[in-house]
Amino acid sequence: MNVLVFALQVVLCLLTLPLHLLALLGCWQPLWSKYFPYFMAAITPKSNQKIQGKKRELFSQIKKLAGASGKVTLLELGCGTGANFEFYPAGCRVTCLDPNPHFKKFLTESMAKNKHLQYEDFLVAPGEDMSQVADGSMDAVVCTLVLCSVKSPKKVLQEVQRVLRPVSRNKERGKPFILWQSALPIKGSYNLLSLSSPNPSYKGTKELHC
């Protein structure tokens, strides 16, 4: 068994050697950033088809946050290709944030297909630094499969607290922070969560895995 494991490790190292060389030369990150959106665009339709029921249920509560105008200002962190757009209720004014600028092309295409939404802006920034978003300017924040890939989940949650409207954080009629993780290290936890307020001290932020 030990010999087999060693052999598999050697094979894996040989297969990934070109990637390590590209990383050492500083070429891997630019290539990954450029072509990763194409990969996501290819798998998104099939992924949405499998979990569309759960997404519709989760995001349906966003409309409860609408004011007299019927509009909801929504910030999506790690928006990617806009996989969630079709599930957002009509009247959402969506601001997208992602550290990868190459997603913009796919976001524009997704917004063109979802006329029930108003596309506000695409901000290129990490979740830990949302300084381009004003304090208390958002009715809702959506974060799907993102916290497991950021450097500091705690900082992300602190930023979410900052940009949410104080009145939204106290509304009983709707949950303004929607978090979706494929796994949370809490016994019996469900991977679709809607929270009245993001809590940076939440113990699940110490170890998150997608």
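Residues numbered from 1 in each chain as written. Predicted model: local features only at pLDDT ≥ 70, side-chain atom pairs only at ≥ 80, totals over all residues. Heavy atoms only, no water.

K.L.:
Looking at this structure, how should I read the pairing of strand 1 (residues 72-77)?
P.N.:
Successive residues of a regular strand alternate their side chains across the two faces of the sheet. With six of six residues buried, strand 1 lies mostly within the body of the structure. Burial along strand 1 is two-sided: Val-72, Leu-74 and Glu-76 facing one way and Thr-73, Leu-75 and Leu-77 facing the other are all buried. Across six bridges, the pairing between strand 1 and strand 2 (residues 92-98) is parallel. Looking at strand 2, one finds that Glu-76 is bridged to Cys-96. Pairing analysis gives four bridges linking strand 1 to strand 4 (residues 140-144), with the strands arranged parallel. (Buried < 20%, exposed > 50% of the residue type's maximum accessible area, 1.4 Å probe, protein only. Helix = DSSP H or I, 4+ residues; strand = E, 2+ residues; numbered from the N terminus. Pairing = 2+ DSSP bridges.)

K.L.:
What's the story with helix 4 (residues 153-163) in this structure? I'm lost.
P.N.:
Owing to its 3.6 residues per turn, the α-helix brings residues three or four apart onto one side. Of all the residues in helix 4, the buried ones are Pro-153, Val-156, Leu-157, Glu-159, Val-160 and Val-163. Seen along its axis, helix 4 keeps its buried residues to an arc of 160 degrees; they face one direction. Here the buried face of helix 4 lies against strand 1, strand 4 and strand 5 (177-180). (Arc of directions from axis to C-beta. Contact = heavy atoms within 4.5 Å.)

K.L.:
Looking at this structure, how should I read the packing of aromatic side chains?
P.N.:
Any pair of aromatic rings gets described here by the distance separating the centres and the angle formed by the planes. Applying the stated criterion across every chain, the model contains three aromatic pairs. Judged by centre distance (6.3 Å) and plane angle (45 degrees), the ring pair of Phe-85 and Tyr-88 falls under tilted. The same class applies to Phe-85 as to Tyr-88, namely buried. Members of the aromatic cluster, each reached through a chain of ring pairs, are Phe-59, Phe-85 and Tyr-88. (Phe/Tyr/Trp six-rings, centres within 6.5 Å; stacked < 30°, edge-to-face > 60°.)

K.L.:
How should the pattern of salt bridges be read in this particular structure?
P.N.:
Side chains bearing opposite charge may pair, as long as their charged atoms lie close to each other. Inspection of every chain in the model, using the stated rule, returns five salt bridges. Glu-159 serves as the salt-bridge partner of Arg-162, at 2.9 Å between the closest nitrogen and oxygen. Of the two residues, Arg-162 and Glu-159 both sit in helix 4, three residues apart, roughly one turn of that helix. For Glu-159, a relative accessible area of 13% corresponds to the buried category. The network of salt bridges with shared partners includes Asp-135, Glu-159 and Arg-162. (Salt bridge = Lys/Arg side-chain N within 4 Å of Asp/Glu carboxyl O.)

K.L.:
When you look at a nonpolar patch on the surface in this model, what are you seeing that I'm missing?
P.N.:
Taken together, the side chains of Phe-6, Val-10 and Leu-14 define a hydrophobic patch exposed on the protein surface, amounting to about 310 Å² of accessible area. Judged by its relative accessible area of 54%, Phe-6 is exposed. (Patch = residues over 30% accessible without salt bridge, like charges linked within 9 Å, V, L, I, M, F, W, Y side chains within 5 Å. Areas by Shrake-Rupley, 256 points an atom, 1.4 Å probe, with all protein chains shown as cover.)

K.L.:
Explain helix 3 (residues 104-113) to me, please; I cannot follow it from the model alone.
P.N.:
Listed as buried for helix 3 are Phe-106, Leu-107, Ser-110 and Met-111. Buried positions in helix 3, seen along its axis, are confined to an arc of 135 degrees and lie on one side of it.

K.L.:
Help me understand the state of the cysteines in this model?
P.N.:
Every disulfide links exactly two cysteines, by a covalent bond between their sulfur atoms. Summed over all chains, the structure comprises zero disulfides. There is no disulfide at Cys-96, and the cysteine sulfur nearest it, in Cys-79, is 4.3 Å away. (Disulfide = S-S within 2.5 Å.)

K.L.:
What is the right way to look at the confidence of the model for the protein in this model?
P.N.:
Residues shown with low pLDDT carry predicted positions that ought not to be read at fine detail. Here the protein averages 78 in pLDDT, and 73% of its residues register 70 or above. Here strand 6 (residues 192-195) is the element of the protein with the lowest mean pLDDT, 46, and strand 2 is the one with the highest, 95. This stretch, residues 183-197, has a pLDDT under 50; its non-local contacts, to residues over four places away or in other chains, come to 37 contacts. Across residues 199-210, confidence stays below pLDDT 50; counting only partners more than four residues off in sequence or on other chains, it has 26 contacts. (pLDDT = per-residue confidence, 0-100.)

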